[in-house]
Amino acid sequence: MSSPSVPDFNCIAPVYDALAQLVYGDAQKRAQAHFLSLIPAGARVLVLGGGSGWILTELLRQSAPVHVLYLEPARNMLQQAQNRFRNTSSTAQVEFRLGTELDLTPQETFHVVLTPFVLDLFPAAEAYAMMQRLSQALLPGGLWLHTDFHASAPESQPVWQKLLLWGMYRFFGVVSNLSARELPPFEALFQKIGFKTHREAFYFRKFIRAQVLQKAVF
Ligand SMILES: C[S@@+](CC[C@H](N)C(=O)[O-])C[C@H]1O[C@@H](n2cnc3c(N)ncnc32)[C@H](O)[C@@H]1O
């Protein structure tokens with residue numbers, strides 16, 4: 001298994017949300033929030049790479065999990081998420097952990113896993129290794145809420161999407177030390193680990209996709 005490099009979002013953390021809003025308006029947020037109400041009451045939930053924490057507040061507004069593990073390697077992002085949570089009246093049990101999927105213990109399992117704009121940071125082989133690890137942590141029948149950029153086949157992909165992807169990978173390559181240069185082939189990778197899309201929703205002229213995938217029961 002290849003060992004994933006950790007991109008560094010500490011420097012960009014204070015302005016990340018504003019930057020995303022500037023480029024995509026509220027499309028990224030609406031896409032991430034699209035299926036949150038499907039989280040079953042009493043679920044144990046893993047949020048991987050949630051960033052500044054607005055998604056946690058939204059998740060707790062739309063669902064009633066028993067436990068949330070907020071796993072995020074950028075200290076500055078994690079700090080913002082903790083501050084945001086402190087300012088809510090939520091009594092939900094939330095653990096904020098500085099780290100990556102490699103910091104999950106073998107015993108930890110979840111009914112729901114969220115990957116919001118995080119798997120796109122990695123080259124295909126690393127994204128695949130992460131997805132395998134997350135699949136192990138997801139209970140049979142569990143839901144995987146995946147939200148990310150969606151590229152159609154290269155021959156039919158609009159030029160503006162190619163330019164945006166090129167620009168984002170160059171920008172975050174410099175600012176956040178990403179080694180990836182293109183989106184991982186999500187469809188093929190999910191298929192490889194045995195997941196099927198149950199529901200999906202598109203935003204930003206189909207450039208952003210929210211998916212609900214489910215782990216087989218047997
Ligand atoms: C592009 S940002 C997206 C943040 C947030 N999900 C959003 O959409 O606003 C990616 C986030 O993933 C985090 N991250 C990077 N590598 C990670 C890993 N291996 N496991 C968990 N989080 C990771 C980064 O620190 C960053 O906060």
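The chain is annotated in an unreviewed UniProt entry as Class I SAM-dependent methyltransferase of Rufibacter sediminis.

Helix and strand counts for the chain come out as seven helices and seven strands. A globule of 218 residues ought to have a C-alpha radius of gyration of about 17 Å, and the chain, at 16 Å, matches this closely. Across the 218 residues of the chain, 51% fall into the buried class. Relative to all contacts within the chain whose residues are 6 or more apart in sequence, the contacts with residues 24 or more apart total 73%. Taken as a whole, the chain presents about 10500 Å² of accessible surface, with 56% of it coming from carbon and sulfur.

Take the sheet that holds strand E7 (residues 208-214) next. As summarised here, the arrangement of the seven strands in space is E3-E2-E1-E4-E5-E7-E6, forming an open sheet in which the pairing is mixed. Of all strands in the sheet, those bounded by a partner on one side alone are strand E3 (93-98) and strand E6 (196-203). Neighbour-to-neighbour, the strand axes of this sheet turn through a mean angle of 15°, independent of strand direction. In this sheet, strand E5 (residues 138-149) lies alongside strand E4 (residues 110-116) in parallel orientation, the contact comprising six bridges. Paired with Val 112 across the strands is Leu 143, a residue of E5. Most of the contacts of helix H3 (residues 54-62) go to strand E2 (residues 67-72), to which it runs at about 165°, and overall it touches strand E1 (44-48), E2, E3 and E4. Strands in contact with helix H4 (residues 75-86) are E2 and E3; relative to E3, the strand with the most contacts, it is inclined by about 165°.

Ranked by size, the top nonpolar core spans 73 residues in total, and within it Phe 9, Ile 39, Val 45, Leu 59, Tyr 70, Leu 114 and Trp 144 carry the most contacts. In terms of residue count, the dominant contributor to this core is helix H5 (residues 124-137) (six residues). Setting aside its immediate chain neighbours within four residues, Ile 39 contacts Val 45, Leu 59, Ser 63, Val 112, Leu 114 and Leu 145.

With that settled, consider the pairing of E6. In terms of strand pairing, E6 meets E7 through seven bridges, oriented antiparallel. Looking across to E7, one finds that Arg 199 is bridged to Val 212. The loop that links E6 with its antiparallel partner E7 comprises four residues; one of these, Phe 204, has a positive phi angle of about 50°.

Bringing the packing of aromatic side chains into the picture now. This structure, assessed with the given rule, holds 16 aromatic pairs. When the centroid spacing of 6.4 Å and the interplanar angle of 40° are considered together, the rings of Tyr 24 and Phe 207 count as tilted. Highlighted residues: Tyr 24 in helix H1 (residues 16-24) and Phe 207 in the loop between E6 and E7, separated in sequence by 183 residues. Assigned by exposure class, Tyr 24 and Phe 207 land together as buried. Each ring, one from Phe 117 and one from Phe 149, has its centre 5.0 Å from the other, and the planes form 65°; the classification is edge-to-face. Here the residue Phe 117 occupies a position in the loop between E4 and H5, and Phe 149 occupies one in strand E5, the gap between them amounting to 32 residues. Accessibility assignment for this pair places Phe 117 and Phe 149 in one class, buried.

Turning next to the pattern of salt bridges. Side-chain pairs of opposite charge can arise where the charged atoms are in close proximity. For the structure on display, the rule yields seven salt bridges. A salt bridge links Asp 17 to Arg 84; its shortest N-O distance comes to 3.9 Å. With Asp 17 in helix H1 and Arg 84 in helix H4, the pair connects residues that are 67 residues apart, well separated along the chain. The exposure class of Arg 84 is partly exposed, given its relative accessible area of 32%. Of the charged contacts in the structure, one is a salt bridge between Arg 209 and Glu 187, with a shortest N-O distance of 2.9 Å. One end of the pair, Arg 209, is in strand E7; the other, Glu 187, is in helix H7 (residues 186-192), with 22 residues separating them in the sequence. What you see here is one network of salt bridges that share partners, running through Glu 95, Arg 97 and Glu 108.

With that settled, the discussion passes to the pairing of E7. With six of seven residues buried, E7 lies mostly within the body of the structure. As paired elements, E5 and E7 share seven bridges and run antiparallel to each other. From the neighbouring strand, Trp 144 faces E7, where its bridge partner is Leu 213.

Rules and cut-offs
Note on numbering: residues in each chain are counted from 1, in written sequence order. Note on the predicted model: pLDDT of at least 70 is required for a residue's local features to be given, and 80 or more for side-chain atom pairs to be given and counted; whole-chain, interface and lining totals, by contrast, use all residues. Here the side-chain values reflect all heavy atoms present in the structure, with hydrogen atoms and water set aside. Only runs of H or I of at least four residues qualify as helices and only runs of E of at least two qualify as strands under DSSP, and these elements are numbered from the N terminus. Only the C-alpha atoms count toward the radius of gyration. The rule for a globule is 2.2 Å times the residue count to the power 0.38. Exposure is judged per residue with a 1.4 Å probe applied to protein chains only, and the accessible area is read against the type maximum: over 50% gives exposed, under 20% gives buried, and values in between give partly exposed. Any pair of residues with heavy atoms lying within 4.5 Å of one another is described as a contacting pair. Here the Shrake-Rupley method, with its probe set to 1.4 Å, supplies the accessible areas, and only the displayed protein chains count as covering residues. What makes two strands pair is DSSP finding at least two bridges between them. Structural elements are reduced to axes, namely lines fitted to C-alpha atoms, with helices fitted over the stretch in contact, and the angle between N-to-C directions of any two is expressed from 0 to 180 degrees. Take the buried Ala, Val, Leu, Ile, Met, Phe, Trp, Tyr and Cys residues and link them wherever side-chain atoms come within 4.5 Å; each set so joined is a nonpolar core. Pairing of aromatic side chains here covers Phe, Tyr and the six-membered ring of Trp, requires ring centres within 6.5 Å, and sorts the geometry by plane angle: under 30 degrees stacked, over 60 edge-to-face, intermediate tilted. A pairing counts as a salt bridge when a side-chain nitrogen of Lys or Arg comes within 4 Å of a carboxyl oxygen of Asp or Glu.

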